[in-house]
Amino acid sequence: MKIHLFLILFCLCSCSQQDNFAEVFAKCKANKKSATPNDLHAELMAEFATYKCIRGANGPDITATSIDNTIINTLATDDQAVVLYYWSIPLPNTPSNYAKYDYENILALNILSEKYKGRVRFIGFSPNDTKSVKQFITEYPFNFPQVANADSLWAPLFSEPVGGPPIGGPIILFINTNGKVTYAFSGSYTNASKTIQRYKPVLEACLTNSVYID
C-alpha cells in the first residue's frame, strides 16, 4: 500500500514539473500501462490512473481556428480557467444509450459554460470535418466555440497517431487559472444532472487553484 501511494505521488510530482503536456501524458501512460491488456477492467483502471497522473501538469497550448473563423488559444489566464472538451459525432452503429449519454453531456456543458461565463472558457474540439460539425450542432447545439478537424491537434497529445482510429472519449480537461490540469476524464455520465453535479466542484477547484479530491 505504501509503495503504491509512493508511485502515485512520484508520478504526480514528476508530471507537474514537465512543460509539455504530450510528454507528461506519454510518461504517465507508460507508467500506468495495464499488465493484462486483454482485461477490460484492468485497462479501464489503467486509463483512470493515467488521467489522475496528469493532474498538475501544464495544460495544452493550442492555437486554432473555430468553425466560426475565430482564432482561439487554450492557455488559461490569471482570471479565467479553461475547459477543453474533445468529442466526436456518434457513429451510426453507436448504441442509442451511449449516444444519449453524449448528448446529455453536451447539455450539461452548455449549462455550466453559461453559469461560469466570464470565469471559465469552454472550448470544444472534434475530429469531424467542419461541414459535419456544423450540421450536427444544428440539432445538438454548443454554446461555446468548436474546432473541427482537430485530430492533428489532439492525437499527439494522447500518444496516438494522426489519422489513426478515434482516440476514444469524449475527453475533458479542466485547467486552473495557473494553467495546470486540475482534473481529466474520458467518458460521459448518464444524464446532465449527474454531469453538472460531478463537474461543479472541479470548476470551483480550478477557480481557486486548489487540489481536486475525488
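Residues numbered from 1 in each chain as written. Predicted model: local features only at pLDDT ≥ 70, side-chain atom pairs only at ≥ 80, totals over all residues. Heavy atoms only, no water.

K.L.:
Got a sec to walk through the pattern of salt bridges? Specific residues and values, please.
P.N.:
For the structure shown, the criterion picks out three salt bridges. With its nearest N and O atoms 2.8 Å apart, the salt bridge here joins R55 to D214. In this pair, R55 is assigned in the loop between α3 (40-53) and β1 (63-65) and D214 in the segment after α7 (192-208), connecting sequence segments 159 residues apart. Because the salt bridges share partners, they merge into one network encompassing R55, R198 and D214. (Salt bridge = Lys/Arg side-chain N within 4 Å of Asp/Glu carboxyl O. Helix = DSSP H or I, 4+ residues; strand = E, 2+ residues; numbered from the N terminus.)

K.L.:
Which residues make up the nonpolar core, and what are the values?
P.N.:
The biggest cluster of nonpolar side chains holds 32 residues, and the ones touching the most others in it are F122, F142, I172, F174, Y183, Y199 and L203. Only β3 (81-86), α4 (96-115), β4 (120-125), α5 (130-139), β6 (171-175), β7 (181-186) and α7 provide two or more residues apiece to this core. Counting residues per element, this core draws most heavily on α7, at seven residues. Filtering out sequence-adjacent residues up to four positions away, L203 remains in contact with V83, L112, Y116, V120, F122 and F174. Residues F21, I54, I62 and I171 belong to the second largest nonpolar core, which totals 26 residues. (Core = buried A, V, L, I, M, F, W, Y, C linked by side-chain atoms within 4.5 Å. Buried < 20%, exposed > 50% of the residue type's maximum accessible area, 1.4 Å probe, protein only. Contact = heavy atoms within 4.5 Å.)

K.L.:
Can you tell me about the side chain of T74, naming the residues and giving the values?
P.N.:
With respect to the helices and strands, the residue T74 is situated in the loop between β2 (71-73) and β3. Within polar-contact distance, the side chain of T74 engages the backbone oxygen of P60 at 2.6 Å. A polar side-chain atom of T74 sits 2.8 Å from the main-chain amide nitrogen of I62. When residues no more than four places from it in sequence are discounted, the contact partners of T74 are P60, D61, I62, V82, L84, R121, I123 and F125. (Polar contact = N/O pair within 3.5 Å; in protein donor to acceptor, adjacent residues only side chain to side chain.)

K.L.:
Now, about the pairing of β4: what can you tell me, with residues and values included?
P.N.:
On a regular strand, each side chain points to the face opposite its neighbour's, so the side chains alternate between the two faces of the sheet. Burial analysis of β4 places five of its six residues in the buried class, which makes it a mostly covered element. Of the pairings in the sheet, the one linking β3 to β4 comprises six bridges and is parallel in character. Across the sheet, Y85 pairs through a bridge with G124, a residue of β4. Bridging between β4 and strand β5 (residues 146-147) involves two bridges; their strand directions are parallel. From the neighbouring strand, G124 faces β5, where its bridge partner is Q146. (Pairing = 2+ DSSP bridges.)

Any functional reading would require information beyond the geometric quantities listed.
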